[in-house]
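A look at the structure
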Amino acid sequence: MKENILIIGGGAAGMEAATQLKKLGLNPIIVEKSERLGGHIAQWDRLFPAFHPAKDVVEQMLNNVKDVDARLNTEVTDIQRDNNGFHAVLSNKETIDAKAVILATGFDLFKAERKQEYGYGIYNNVITSLELEKFFKEGKDPRINNPKKIGFVHCVGARDVKVGNTYCSKVCCTTALKQACEMKEVFPDAEVYTFYMDLRMFGPGYEDLYLKTQKDFDVKCIRGRVCEVSEDMDGRLVIKAEDTLFGKPLRMTLDLLVLMCSMEKAKSIDKIQQKLGIANNSDGFMQNKDMYLGMNDSKQDGVFVAGTCTAPKSLPDTIGEARSVAVEVFNYINNK
Amino acid sequence: MDFGFCLSPSSHVKMDSIDLTTFNRLKETNPDVNTCIACGSCTSTCTAGNFTEMSFRRLLLMLQRGKEDEAKKMIQRCMLCGKCTLVCPRGINIRKILLDITR
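None of these values were measured; they are calculated from a predicted model.

Remarks on the overall build of chain B
- A count of helical and extended segments in chain B gives six helices and one strand.
- Its helices and strands taken in sequence order, chain B reads β-α-α-α-α-α-α from the N to the C terminus.
- Seen through its principal axes, chain B has C-alpha atoms that stretch 55 × 30 × 25 Å.
- Expressed as a percentage of contacts within chain B between residues at least 6 apart in sequence, the contacts between residues at least 24 apart total 61%.

Digging into unusual backbone geometry
All names here are of chain A.
- Cis geometry marks the peptide bond from Phe-48 to Pro-49; its omega dihedral reads 0°.
- Structurally, Pro-49 can be placed in the loop between strand E3 (46–47) and strand E4 (52–53).
- For Asn-73, which is not glycine, the phi torsion reads 50° and is therefore positive.
- With respect to the secondary-structure elements, Asn-73 resides in the loop between strand E5 (69–71) and strand E6 (76–82).

Some thoughts on the packing of helix H4 (residues 172–186) of chain A against helix H5 (residues 206–215) of chain A
Residues and elements named next belong to chain A.
- Packing of H4 against H5 leaves a shortest axis separation of 10 Å and a crossing angle of 40°. Here the hand of the crossing between H4 and H5 comes out left-handed. Touching Thr-174, Leu-177, Lys-178, Ala-180 and Cys-181 of H4 are Tyr-206, Leu-209, Tyr-210, Lys-212 and Thr-213, all from H5.

Focus: the nonpolar core
- Within the largest apolar cluster, 99 residues are counted, with the highest numbers of intra-cluster contacts made by Ala-17, Val-101, Ile-102, Leu-103, Leu-257, Leu-259 and Met-260 of chain A.
- No other element matches the seven residues that H4 of chain A contributes to this core.
- Here this core spans two domains, since at least three of its residues come from each of domain 1 (4–106 + 266–334) and domain 2 (112–263) of chain A.
- Not counting residues up to four positions away in its chain, the partners in contact with Met-260 of chain A are Ser-129, Phe-152, Val-153, His-154, Cys-155, Val-156, Cys-172, Thr-175 and Ala-176 of chain A.
- Phe-246 of chain A together with Met-54, Cys-78 and Cys-84 of chain B belong to the second-largest nonpolar core, a separate cluster that totals 23 residues.

Notes on the interface of chain B and chain A
- The interface is formed by 12 residues belonging to chain B together with 14 residues belonging to chain A.
- Examined bridge by bridge, strand E17 (residues 248–254) of chain A and strand E1 (residues 13–14) of chain B share two bridges and lie parallel to one another. Note that in E1 of chain B the partner of Leu-250 of chain A across the bridge is Val-13 of chain B.

Section: the environment of Tyr-167 of chain A
Residues and elements named next belong to chain A.
- Along the chain, the position of Tyr-167 falls in the loop between strand E12 (149–156) and H4.
- Take Tyr-167: there are 18 C-beta atoms within 10 Å of it, and that puts it in the partly exposed class.
- It is 9.2 Å that separates the C-alpha atoms of Tyr-167 and Gly-157, two residues lying 10 residues apart in sequence.
- Apart from residues no more than four positions distant in its own chain, Tyr-167 is found in contact with Ala-158, Asp-283 and Pro-312.

Describing the sheet that holds strand E1 (residues 4–8) of chain A
Residue and element names in this part refer to chain A.
- Here we have five strands laid out as an open sheet, ordered E5-E2-E1-E9-E20, and parallel in their pairing. Strands at the two margins of the open sheet, each flanked by one partner only, are E5 and strand E20 (303–305). With strand direction ignored, the average angle separating the axes of adjacent strands in the sheet is 20°.
- As defined by bridge partners, E1 adjoins strand E2 (residues 27–31) across five bridges and the pair is classed as parallel. Considered in E2, the bridge of Leu-6 is made with Ile-29.

Quick word on the sheet that holds strand E16 (residues 237–243) of chain A
- Spatially, the four strands line up as an open sheet ordered E15(A)-E16(A)-E17(A)-E1(B), and their pairing is mixed. Of all the strands in the sheet, the pair left with one neighbour each is strand E15 (226–231) of chain A together with E1 of chain B.
- When E16 of chain A meets E17 of chain A, the two strands line up antiparallel, connected through seven bridges. Bridge pairing links Lys-240 of chain A to Arg-251 of chain A in E17 of chain A.

Observations concerning helix H3 (residues 56–64) of chain B
Residue and element names in this part refer to chain B.
- Buried residues dominate H3, accounting for nine of its nine residues.
- For H3, every residue scored as buried is listed here: Phe-56, Arg-57, Arg-58, Leu-59, Leu-60, Leu-61, Met-62, Leu-63 and Gln-64.
- Taken together, the buried residues of H3 touch helix H1 (21–29), helix H2 (41–45), helix H4 (68–75), helix H5 (83–87) and helix H6 (94–102).
- Following H3 by one or two positions, Gly-66 has its phi on the positive side, about 75°.

Notes on the domain arrangement of chain A
All names here are of chain A.
- Domain annotation of chain A identifies domain 1 (4–106 + 266–334) and domain 2 (112–263).
- Using C-alpha coordinates to define each centre, domain 1 is positioned 31 Å away from domain 2.
- Residues of the side of domain 1 that touches domain 2, tallied by class, amount to six nonpolar, three polar and four charged.

Focus on the pairing of E12 of chain A
Residue and element names in this part refer to chain A.
- The element E12 is largely enclosed, with a buried count of eight among its eight residues.
- As paired strands, E12 and strand E13 (residues 191–196) are joined by five bridges and run parallel to one another. In the strand pairing of E13, Lys-149 is matched with Glu-191.

Cut-off values and rules
- Residues numbered from 1 in each chain as written.
- Chains lettered and ligands numbered in written order.
- Predicted model: local features only at pLDDT ≥ 70, side-chain atom pairs only at ≥ 80, totals over all residues.
- Helix = DSSP H or I, 4+ residues; strand = E, 2+ residues; numbered from the N terminus.
- Contact = placed C-beta atoms within 7 Å.
- Axes fitted to C-alpha atoms, helices over the stretch in contact; angles between N-to-C directions.
- Left-handed = near helix turned anticlockwise from the far one by under 90°.
- Core = buried A, V, L, I, M, F, W, Y, C linked by C-beta atoms within 7 Å.
- Buried ≥ 20, exposed ≤ 12 C-beta atoms within 10 Å, placed from the backbone.
- Domains from an automatic or database assignment.
- Pairing = 2+ DSSP bridges.
- Nonpolar A, V, L, I, M, F, W, Y, C, P; charged D, E, K, R; others polar.

Listed below in structure tokens is the structure:
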């Protein structure tokens, strides 16, 4: 009989782990709280660094899991350990007995209104990176009305002790430059500025994207954090920042400001996480057993972690972790 | 009568009203001016910079922040030795750009 493996979360990590577990001869069961599989990445238009359509990747992943047992609109409401592994109760009153559990519960996007000085939810022309991505995907947003000057703010809700997030959210730098280039594609006459503290171009092809952003797209990268945003009488945005390379404060009027929101661990799993005895680390993400050799193990036997529930990660990072968690679970079941 | 009070001008760079003529002209013939990553190699190797305020990194920024007069004053310190061009990791032809600014 094939052993059941309960995967909580049907995003990139959950789907890829399920695909691999199925190939390894186990029976993965995905429990997904929303009405579809695909997670955050399914909301995305194009991927950095090469502007690859997200749809291609997502469709392939969805195709890989079409024979996997998946429960949509369903949450795990209770989970207990028993002699055979785990006994989970779902929100549809169904129960699942599984030998192992994979937490692939991902992230929540930082709520931009928490950084009040940026005026999200107060000024009409302040939007989030996700909203801009939806504009690229759907081609319309009433707030994006042929802007002549566009600004991007990096590290919104990241590297910020005041909001409780001291970590770097890893993917926003590259996303900002990708979106800045895309804005120049849509509005070639617009001036585009990004306000960064450091540009963390950590992956293959990312530094090339940075060079392309500067040279081919004429995007102006200014080192300095936007400190305040206000609105002038015409409803345009007036921002203040220091150009820290120049050593002088500057002021500028913009038509659109995009906030690069950080990742925070998804809160909806807190109760189940507690029941399984998985603690958070100081960043608020789930603790794994070991940073190097035990990144997919938790401190609890039979409970595994994959994807952005343990730290901010890019899509390739997440897929890599999902594949490695499948091997970990396979070995765990076979050595039992 | 002088009471010792005066109005100090704002130190803010007003990005809405700065004059970018020189920089934009420079950009047409030297698209590389956009690719500076502010590493400071040019400035630290600069022979003139050891004794004066000469800094190519800063000079580029001055042009982008509308401080053309300051930039033109700074450029007079340059001796055109070209060491900056040698060390630039982005391969910017700094010596040529410096010459083009004064042209």
